[in-house]
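Results of the structural survey
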Amino acid sequence: AQSVTQLDSHVSVSEGTPVLLRCNYSSSYSPSLFWYVQHPNKGLQLLLKYTSAATLVKGINGFEAEFKKSETSFHLTKPSAHMSDAAEYFCAVSDTGRRALTFGSGTRLQVQP
Amino acid sequence: DGGITQSPKYLFRKEGQNVTLSCEQNLNHDAMYWYRQDPGQGLRLIYYSQIVNDFQKGDIAEGYSVSREKKESFPLTVTSAQKNPTAFYLCASSIRDPNYGYTFGSGTRLTVV
């Protein structure tokens, strides 16, 4: 079965500094991977997805992620954090066996002024 | 505008009661999903449906039931058999290929009183 592990439950950065949110995956084949963002008491919004095309994926709001098969990783980055980036972020992998997404436990990003 | 609507936003249930959470989409998506979100546990799949009149159990289906009589609607019933129902419930939809990613509703927060 496919799974994802988000390595940090909380990340705190200062406004204007880089963001790194880490995600490792486990899959028996080449997976599709996703990053979603959730603001308090809201649904999830898709930031970006990897579906076996370019390994560096650009998303909305300046976020990007790089698929590294050798490291089984799909880390999310942003060069410069903004206060509005404070939210919870979820990594997910597509389980084509049951045709549904499996989500990680989430990383809460705090942005300090 | 196309989207996915969950109602109500907040729901309170007494011990021993069944309650039904509504999920409606006008995106013409074939597949619909219910997830439960608890702090620190990410999203866990309850039920999913790829086509009308068919649905499958997810990882935590016990104490829940669903129906899929119309393409647009996928209501979730939380039964009295669910021992710890207090959580945030998220509905999502997609085209039948999960590699496409999901569109999420804004969620229903259920509290047992």
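For the structure, check the block above.
It should be emphasised that the depicted structure is a prediction, and the values quoted were computed from it without experimental measurement.

Okay, the overall build of chain B next. A count of helical and extended segments in chain B gives zero helices and eleven strands. Expected size for 113 residues packed as a compact globule is a radius of gyration near 13 Å; at 13 Å, chain B falls within 12% of this value. With the principal axes as the frame, chain B shows a C-alpha extent of 35 × 25 × 25 Å. Counting every position in chain B, which comprises 113 residues, the buried fraction comes to 50%. Restricting the contact set of chain B to residue pairs at least 6 apart, pairs at least 24 apart contribute 53%. With the model as given, the accessible surface of chain B reaches about 5,300 Å², and the carbon-plus-sulfur share is 46%.

With 26 residues of chain B at the contact, the number on the chain A side is 21 residues. Taking both partners together, chain B and chain A bury about 1,900 Å²; carbon and sulfur atoms supply 50% of that area. Our enumeration of links across chain B and chain A arrives at nine residue pairs in polar contact (both at pLDDT 80 or more). Counting only elements with at least two residues in the side of chain B that touches chain A, the list comes to β4 (31-38), β5 (42-51) and β9 (87-94) of chain B. Looking at the side of chain B that touches chain A, the element that brings in the most residues is β5(B), giving five residues. Split by residue class, the side of chain B that touches chain A holds eleven nonpolar, ten polar and five charged.

Let us now look at the side chain of B:R68. Residue and element names in this part refer to chain B. Mapped onto the secondary structure, R68 falls in the loop between β7 (64-66) and β8 (76-78). Despite its burial, R68 remains without a salt bridge, the nearest opposite charge being carried by D30 at 6.2 Å. Within the structure, R68 has its side chain in polar contact with the backbone oxygen of K70 (distance 3.3 Å). Among the polar contacts made by the side chain of R68, one reaches the main-chain carbonyl oxygen of K71 at a distance of 2.8 Å.

With that settled, consider the nonpolar core. Counting residues in hydrophobic clusters, the biggest one holds 26 residues, and the most contacted among them are A:W35, A:L48, A:L76 and A:Y89. Counting residues per element, this core draws most heavily on strand β10 (residues 87-95) of chain A, at four residues.

Looking now at a nonpolar patch on the surface. On the surface, B:Y10, B:F12 and B:V113 cluster together into a nonpolar patch covering about 360 Å² of accessible area. Position of B:Y10 relative to the elements: it lies in strand β2 (residues 10-13).

This next bit is on the pairing of strand β8 (residues 64-68) of chain A. Residue and element names in this part refer to chain A. Burial along β8 is one-sided: A65 and F67 are buried, while E64, E66 and K68, pointing the other way, are not. With three bridges joining them, strand β7 (residues 56-58) and β8 adopt antiparallel strand pairing. When the bridges of β8 are listed, L56 appears paired with E66. Counting the residues in the hairpin turn of β7 and β8 gives five residues, including N61, whose phi is positive at 60°. Both β8 and strand β9 (residues 73-78) contribute to a ladder of five bridges, which runs antiparallel.

Procedures and definitions
- Residues numbered from 1 in each chain as written.
- Chains lettered and ligands numbered in written order.
- Predicted model: local features only at pLDDT ≥ 70, side-chain atom pairs only at ≥ 80, totals over all residues.
- Heavy atoms only, no water.
- Helix = DSSP H or I, 4+ residues; strand = E, 2+ residues; numbered from the N terminus.
- Rg over C-alpha atoms; globule rule 2.2 N^0.38 Å.
- Buried < 20%, exposed > 50% of the residue type's maximum accessible area, 1.4 Å probe, protein only.
- Contact = heavy atoms within 4.5 Å.
- Areas by Shrake-Rupley, 256 points an atom, 1.4 Å probe, with all protein chains shown as cover.
- Buried area = accessible area lost by both parts, 1.4 Å probe.
- Polar contact = N/O pair within 3.5 Å; in protein donor to acceptor, adjacent residues only side chain to side chain.
- Nonpolar A, V, L, I, M, F, W, Y, C, P; charged D, E, K, R; others polar.
- Lys, Arg positive; Asp, Glu negative; His and termini not counted.
- Salt bridge = Lys/Arg side-chain N within 4 Å of Asp/Glu carboxyl O.
- Core = buried A, V, L, I, M, F, W, Y, C linked by side-chain atoms within 4.5 Å.
- Patch = residues over 30% accessible without salt bridge, like charges linked within 9 Å, V, L, I, M, F, W, Y side chains within 5 Å.
- Pairing = 2+ DSSP bridges.

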